Amino acid sequence: MSTSTRFLRLLSLLQTHRYWSGDELAERLDVSLRTVRRDIDRLRDLGYPVQADRGVGGGYQLASGTALPPLVLDDEEAVALVASLQSTVHGGSSALAEAALRALGKVVPVLPARLRKRAQALTASTVPLNSQSSATDPVDPAVLVALAQACRDHERIAFDYKDAKSAETSRRVEPVQLVNVGNRYYLVAFDLDRDDWRSFRVDRALNPSPRALRFAPREVPGGDAAAFVRAGLRGSGQPEVSARIQASAEKLEPLIGRWFQIQQIDENSCLVRTENMDLRWAAFGLAMSEAKVSEVYPKELRKLLDSWSLNLFHPPIGKGD
């Protein structure tokens, strides 16, 4: 659990207004008592009235009848919070996704009007593509907000763009949808200068400039922005991943369903597939299936699994391809 996630979890527990012993909080958060005390001090520094009883049996409670300090976020914090929660809704476990969805419902309405408008633009303009990537390139929140608002308002926008070969160009587009792929965002838009549809990685976009020119939305090829991005990623050189797993779809769905498409082959096995997945994540996902794996593609993934000595294959690698 990250520090920020733990901190929010502690605040959520205290907001029940029940009395929590230090040991209970430490167990719930899976941290030491010292860490609990430090986090309590941080809450107090922010103005939360946390009462404490010291000594044996001591514990903590949020003061009753006291209004909590308002949630104050700057533009980047609001976007980061909504984006993180939304990514959890799309890609987390069922329990985390449900909790993140509840949190979105609480956070967005209490934001100041200006920030709420920006956060809602991000939510309204983004659709998920169930995939996992190991993206490390940061997204500028200001760019993300500008693109989301342009999608929502059907407003033309220009930006500088650096492609995979680091070549820089200026683009003028009619933006339609943001697509969330693992840790990356893609913008699906009609490129006015190239007179064709394109998908753009948001972390490669710079200096967005809304043109204050409205447009009538065009229909994305195929009618599905996520499918359009998926098709583009298939042609990006990243191989499709597939494997046969000796388990039922019912068993595999809660374990790896957020990463793989699962197709039942027979009573005892399934074919799992995905695309645009870092091979290390694919190997991890197959290991999470907790079952025998065979017919793994591509060969680079088979070699990686062999080097990890996961001992999951049946038949052994090289004999069941």
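It should be noted that the structure appears before, not after, this text.
What comes next concerns the included structure.

So, how was this worked out
Residues numbered from 1 in each chain as written. Predicted model: local features only at pLDDT ≥ 70, side-chain atom pairs only at ≥ 80, totals over all residues. Heavy atoms only, no water. Buried < 20%, exposed > 50% of the residue type's maximum accessible area, 1.4 Å probe, protein only. Helix = DSSP H or I, 4+ residues; strand = E, 2+ residues; numbered from the N terminus. Arc of directions from axis to C-beta. Core = buried A, V, L, I, M, F, W, Y, C linked by side-chain atoms within 4.5 Å. Contact = heavy atoms within 4.5 Å. Phe/Tyr/Trp six-rings, centres within 6.5 Å; stacked < 30°, edge-to-face > 60°. Lys NZ or Arg CZ within 6 Å of the ring centre and 35° of its normal. Pairing = 2+ DSSP bridges. Axes fitted to C-alpha atoms, helices over the stretch in contact; angles between N-to-C directions.

What to know about helix α10 (residues 279–288)
All of the buried residues along α10 are L279, A282, A283, G285 and L286. In a view along the axis of α10, the buried residues occupy a sector of 160°, so they form one face of it. Within two residues after α10, E290 carries a phi angle of roughly 60°, on the positive side.

Focus on the nonpolar core
With 25 residues, the main nonpolar core has L122, L147, F159, L178, L187 and V202 as its most contacted residues. Secondary-structure elements contributing two or more residues to this core are α4 (75–91), α6 (113–124), α7 (141–153), β5 (155–162), β6 (168–181) and β7 (184–191). In terms of residues, this core owes the most to one element, α7, which gives eight residues. Other than its neighbours up to four places away in sequence, V202 contacts V139, V143, L144, L147, L178, Y185, Y186 and L187. With 20 residues, the next largest nonpolar core counts L252, C270, L286 and V296 among its residues.

Remarks on the packing of aromatic side chains
Pairs of aromatic rings are described using the distance from one ring centre to the other and the angle between the two planes. Considering all chains together, one arrives at four aromatic pairs under this definition. An angle of 80° between the planes, with centres 5.6 Å apart, marks the rings of F190 and W197 as edge-to-face. The same class applies to F190 as to W197, namely buried. An aromatic cluster of three or more residues is present, and its members are F159, Y161 and F200. The ring of F190 has R218 sitting right over it, with the charged end atom 3.7 Å from the ring centre.

Some thoughts on the sheet that holds strand β3 (residues 59–62)
In space, the three strands of this open sheet follow the order β1-β3-β2, with antiparallel pairing throughout. The open sheet terminates on both sides in strands that have one partner only, identified here as β1 (20–21) and β2 (50–53). Here β1 runs beside β3; their pairing, made up of two bridges, is antiparallel. Bridge pairing links W20 to Y60 in β3. Lying over the sheet, helix α3 (residues 33–45) contacts β2 and β3, oriented at roughly 145° with respect to β2.

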